[in-house]
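# Residue-level structural notes
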Amino acid sequence: FIFVMAIFFQFAAIIDPINSTTYLNLILYALAIPLMDDQMGGKEYLVRALGLVVFWVYNDPVFSWTFSASLVNLVVILAIIYKWNRQITDHWWADLGMSFWLGINFWLTQTQLTREYLVMGIAMFGMMSIFNFFYWTSARRNEVEQSQLMHQVNYDGLTRIRNFSSFDADGKLLMQTR
């Protein structure tokens, strides 16, 4: 689905060049940000990373040394995200730093745009990344709080062993599956 959406936005950027900065940022966001998901498997990561590389190559207007440098940067970014994914998502400075590095790296290759459009492209991707960071930080906190609450409900605080209601719920679940 993500690739269909990326193709749609790519066509929209061609048809509506005035808003192409927005469309390209949406594609970059849709392809890059999910790569920071710590529950993604190796094959899925590879397919999504290749999709990002194809987008990157397709949207370079001039194949020059700046493009080569940005492509090397992209490969380094992808390798860092793959290797240290959990540590990146656990630290705000690493999460936002990777997002900004990615956005700046992409937009600086767009030599056909004026400086104002480049700055706007970088700023827009940065704001999208900041929103994404705060949203997922809040979601992670909610998951931790839910887990702690479930632990308090199912375990005795004094003895730290499962309580009767926990055993009762497991027993009922086992009886339903048989």
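Each remark here, short or long, concerns the structure printed above.
Now for a quick tour of the structure. (Residues numbered from 1 in each chain as written. Predicted model: local features only at pLDDT ≥ 70, side-chain atom pairs only at ≥ 80, totals over all residues. Heavy atoms only, no water.)

## Details of the side chain of Thr-109
Its place among the elements puts Thr-109 in the loop between α6 (92-107) and α7 (115-154). Residue classification places Thr-109 among the buried residues on the basis of a relative accessible area of 4%. Separated by 2.6 Å, the side chain of Thr-109 and the backbone oxygen of Phe-106 make a polar contact. (Helix = DSSP H or I, 4+ residues; strand = E, 2+ residues; numbered from the N terminus. Buried < 20%, exposed > 50% of the residue type's maximum accessible area, 1.4 Å probe, protein only. Polar contact = N/O pair within 3.5 Å; in protein donor to acceptor, adjacent residues only side chain to side chain.)

## Description of the environment of Phe-55
Relative to the helices and strands, Phe-55 is located in helix α3 (residues 42-58). Looking at Phe-55, the relative accessible area reads 5%, which means it is buried. Sequence separation between Phe-55 and Ala-30 is 25 residues, and the spatial gap between their C-alpha atoms is 11 Å. The contact partners of Phe-55, leaving out residues within four places of it in the chain, are Gln-10, Leu-24, Ile-27, Leu-28, Leu-31 and Phe-106. (Contact = heavy atoms within 4.5 Å.)

## Things to note about helix α4 (residues 65-83)
Between its first and last C-alpha atoms α4 spans 27 Å; for 19 residues at 1.5 Å apiece the expected length is 27 Å, and the two agree. Residues Phe-67, Ser-70, Leu-74, Ile-77, Leu-78 and Ile-81 constitute the buried set of α4. Down the axis of α4, the smallest arc covering the buried residues is 95 degrees, so these residues share one side. Facing away from the buried side of α4, by more than 90 degrees, are the exposed residues Trp-65, Val-72 and Lys-83. (Expected span 1.5 Å × (residues − 1). Arc of directions from axis to C-beta.)

## Description of the packing of aromatic side chains
Enumeration according to the criterion identifies 8 aromatic pairs in this entry. An aromatic cluster is present here, built from Phe-55, Trp-56, Phe-106 and Trp-107 joined pairwise through their rings. (Phe/Tyr/Trp six-rings, centres within 6.5 Å; stacked < 30°, edge-to-face > 60°.)

## Considerations on the nonpolar core
Of all hydrophobic cores here, the largest spans 35 residues; its most connected members are Leu-28, Leu-52, Phe-55, Trp-56, Ile-81, Leu-102 and Trp-107. Elements that contribute at least two residues to this core include exactly α1 (2-15), α2 (20-32), α3, α4, α6 and α7. In terms of residue count, the dominant contributor to this core is α2 (7 residues). Discounting chain neighbours no more than four positions away, the residues touching Leu-28 are Ile-33, Leu-52, Phe-55, Trp-56, Leu-102, Gly-103, Phe-106, Trp-107 and Phe-125. (Core = buried A, V, L, I, M, F, W, Y, C linked by side-chain atoms within 4.5 Å.)

## Considering a nonpolar patch on the surface
Taken together, the side chains of Ile-7, Phe-11, Ile-14, Ile-15 and Tyr-58 present a nonpolar region at the surface, about 600 Å² in accessible area. Broken down by element, the nonpolar patch gets its largest block of residues, 4 residues, from α1. (Patch = residues over 30% accessible without salt bridge, like charges linked within 9 Å, V, L, I, M, F, W, Y side chains within 5 Å. Areas by Shrake-Rupley, 256 points an atom, 1.4 Å probe, with all protein chains shown as cover. Salt bridge = Lys/Arg side-chain N within 4 Å of Asp/Glu carboxyl O.)

## Topic: α1
With 14 residues, α1 should reach 20 Å at 1.5 Å per residue; the first-to-last C-alpha distance of 20 Å fits that figure. Every buried residue of α1 is accounted for by Ile-2, Ala-6, Phe-9, Gln-10, Ala-12 and Ala-13. Looking straight down α1, one finds that the buried residues subtend no more than 160 degrees of arc, so they occupy a single side. With respect to the buried face of α1, the exposed residues turned more than 90 degrees away are Val-4, Phe-8, Phe-11, Ile-14 and Ile-15. Against the buried residues of α1 lie α2 and α3.

## Looking at the environment of Arg-140
Following the sequence through the fold, Arg-140 ends up in helix α7. By relative accessible area, which is 27% here, Arg-140 ends up partly exposed. When the C-alpha positions of Arg-140 and Asp-90 are compared, they lie 9.7 Å apart, and in sequence the two are 50 residues distant. Not counting residues within four places of it along the chain, the set of residues in contact with Arg-140 comprises Thr-89 and Asp-95.

## Things to note about the packing of α2 against α6
Interhelical geometry of α2 versus α6 gives an angle of 135 degrees and a closest axis separation of 12 Å. The pairing of α2 with α6 is recorded here as oblique in orientation. For α2 against α6, the interelement crossing comes out right-handed. Residues Thr-21, Leu-24, Asn-25, Leu-28 and Ala-32 of α2 pack against Leu-102, Gly-103, Phe-106 and Trp-107 of α6. Looking at the contact of α2 with α6 residue by residue, the class counts come to 6 nonpolar, 3 polar and no charged. (Axes fitted to C-alpha atoms, helices over the stretch in contact; angles between N-to-C directions. Parallel < 35°, antiparallel > 145°, perpendicular 65-115°, else oblique. Left-handed = near helix turned anticlockwise from the far one by under 90°. Nonpolar A, V, L, I, M, F, W, Y, C, P; charged D, E, K, R; others polar.)

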